[in-house]
Amino acid sequence: MTTYRDFSLTHRGSARGTVLRTIGTRERRSHLTAPRVPTVGIDIGGTKVMAGVVDADGVILEKVRTETPDKSKSPKVVEDTIVELVLDLSDRHDVHAVGIGAAGWVDADRSRVLFAPHLAWRDEPLRDALQSRLAVPVMVDNDANTAAWAEWRFGAGRGEDHLVMITLGTGIGGAILEGGQVKRGRYGVAGEFGHMQVVPGGHRCPCGNRGCWEQYSSGNALVREARELAAADSPVAYNIIARVGGNVHEITGPLITELAREGDAMCVELLQDIGQWLGVGIANLAAALDPSCFVIGGGVSAADDLLIGPARDAFRRHLTGRGYRPEARIAKAQLGPEAGMVGAADLARLVARRFRRATRRRVERHERYAQFGRRGAAGPEEQEQP
């Protein structure tokens with residue numbers, strides 16, 4: 001049974017700290033032989049850090065969370081938060097590994113966070129920074145990669161050999177899985193689909209460029225359009241203006257979705273616009289990657305067919321070679337906001353397997369050396385006996 005509670009950080013003595021051993025940097029292609037042991041997954045986003053103990057079937061045994069430290073604070077503050085959450089869960093569970101899904105760019109070795117927009121991480125050696133603080137192996141990855149892995153293992157992407165995950169939140173993230181392996185690219189930052197340029201000279205993006213996909217199909221784009229209509233006192237926006245009492249800045253993505261479900265024409269149209277841009281981008285990705293399945297996740301996907309229906313229609317209209325090629329399936333993610341945490345825990349289970357194998361080999365070598373030493377220490381008469 002999944003349990004949930006808020007977590008208040010408390011000081012723990014340094015005696016809790018132990019030596020962390022990290023094993024390897026490449027995930028194995030097969031997950032079938034990974035040990036069926038509980039692991040901790042951690043999802044670090046812009047507003048919260050969520051941690052959970054997950055079993056080998058993707059079931060969350062317990063989860064806790066706390067607020068994400070402000071990005072003005074030092075990286076050590078975030079590391080302290082991670083350690084405290086893990087130690088709290090380990091008080092009640094036998095934890096064998098920790099997986100971290102971070103909202104940022106993680107290098108190909110999955111050891112350093114190159115950049116995180118919501119945290120003070122700039123080329124931060126996160127895995128190494130935790131080495132002396134946890135007693136289990138640690139894995140670090142991008143949060144979209146961990147979410148995609150979870151959907152492939154336990155959710156909407158089960159059985160797919162070629163899968164692309166698109167996460168619609170504040171911006172657009174993504175991941176690519178092929179043959180049971182996450183494709184991270186040469187430098188580890190593959191899947192940043194949100195910054196494909198779709199409108200030359202279009203809306204300015206925080207990344208510095210103009211016309212990025214996420215400026216037309218994301219939570220930010222949805223809210224921006226609604227607020228502009230409300231600020232202009234448009235007649236089509238009267239309903240949402242009344243709902244927020246005239247305070248335009250209180251318009252949020254969930255509110256737009258709620259009103260759309262109630263039949264508000266403006267909100268339905270805005271989600272259709274976002275969905276159509278989503279379909280255009282998916283068609284471009286299909287031309288480049290040719291997957292069998294697109295999984296749509298993130299907070300905006302909660303709009304369901306109000307968003308995904310228009311996306312499917314636009315995808316079919318813009319797909320290269322339409323009518324003469326198989327069409328990829330477009331599915332809504334099934335694991336919701338916990339996907340990144342579940343995927344991080346499951347990927348950490350692969351690291352735990354390598355840790356166990358390495359430990360077993362060290363023990364076997366030690367036993368052989370010890371046995372050889374006993375024979376070498378025997379007297380001449382004892383050595384000559386059969």
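Preceding block: the structure.
Definitions and cut-offs
- Residues numbered from 1 in each chain as written.
- Predicted model: local features only at pLDDT ≥ 70, side-chain atom pairs only at ≥ 80, totals over all residues.
- Heavy atoms only, no water.
- Salt bridge = Lys/Arg side-chain N within 4 Å of Asp/Glu carboxyl O.
- Helix = DSSP H or I, 4+ residues; strand = E, 2+ residues; numbered from the N terminus.
- Buried < 20%, exposed > 50% of the residue type's maximum accessible area, 1.4 Å probe, protein only.
- Expected span 1.5 Å × (residues − 1).
- Polar contact = N/O pair within 3.5 Å; in protein donor to acceptor, adjacent residues only side chain to side chain.
- Pairing = 2+ DSSP bridges.
- Contact = heavy atoms within 4.5 Å.
- Axes fitted to C-alpha atoms, helices over the stretch in contact; angles between N-to-C directions.

Visitor: A description of the pattern of salt bridges should follow, citing residues and the corresponding values.
Guide: Under the definition given, this model contains 19 salt bridges. Notably, a salt bridge pairs Asp304 with Lys332, separated by 2.5 Å at the nearest N-O pair. With Asp304 in the loop between strand 13 (293-297) and helix 8 (305-318) and Lys332 in strand 14 (residues 329-332), this pair connects stretches of sequence that are 28 residues apart. What makes Asp304 partly exposed here is its relative accessible area of 30%.

Visitor: Tell me about helix 3 (residues 143-154), and please be specific about residues and values.
Guide: Think of an α-helix as 3.6 residues a turn; residues three or four steps apart then line up on the same face. Helix length check: helix 3, at twelve residues, gives a terminal C-alpha distance of 16 Å against a target of 16 Å (1.5 Å per residue), a fit within 8%. A large share of helix 3 lies buried, amounting to eleven of its twelve residues. If you check which residues of helix 3 are buried, you get Ala144, Asn145, Thr146, Ala147, Ala148, Trp149, Ala150, Glu151, Trp152, Arg153 and Phe154. Measuring from the backbone nitrogen of Ala144 back to the side-chain oxygen at the start of helix 3 gives 2.8 Å, which picks out Asn142 as the cap.

Visitor: Residue-level account of the sheet that holds strand 12 (residues 181-182), with values.
Guide: Read from one edge of the open sheet, five strands run 12-11-10-13-14, paired in mixed fashion. Each edge of the open sheet carries a strand with a single partner, namely strand 12 and strand 14. Of the strand pairs in this sheet, strand 10 (residues 162-168) and strand 11 (residues 172-178) are connected by seven bridges, and their pairing is antiparallel. In the sheet register, Leu168 faces strand 11, and the bridge partner there is Ile172. Lying on the sheet, helix 3 is in contact with strand 10, strand 11, strand 12 and strand 13; it crosses strand 11 at an angle near 50°.

Visitor: Explain the pairing of strand 4 (residues 60-67) residue by residue, including any values.
Guide: Bridge count between strand 3 (residues 48-54) and strand 4: seven bridges; the pairing is antiparallel. The residue of strand 4 that forms the bridge with Val49 is Thr66. Joining the antiparallel neighbours strand 3 and strand 4 is a turn of five residues, in which Gly58 adopts a positive phi near 80°.

Just distances and angles here, no functional claims.
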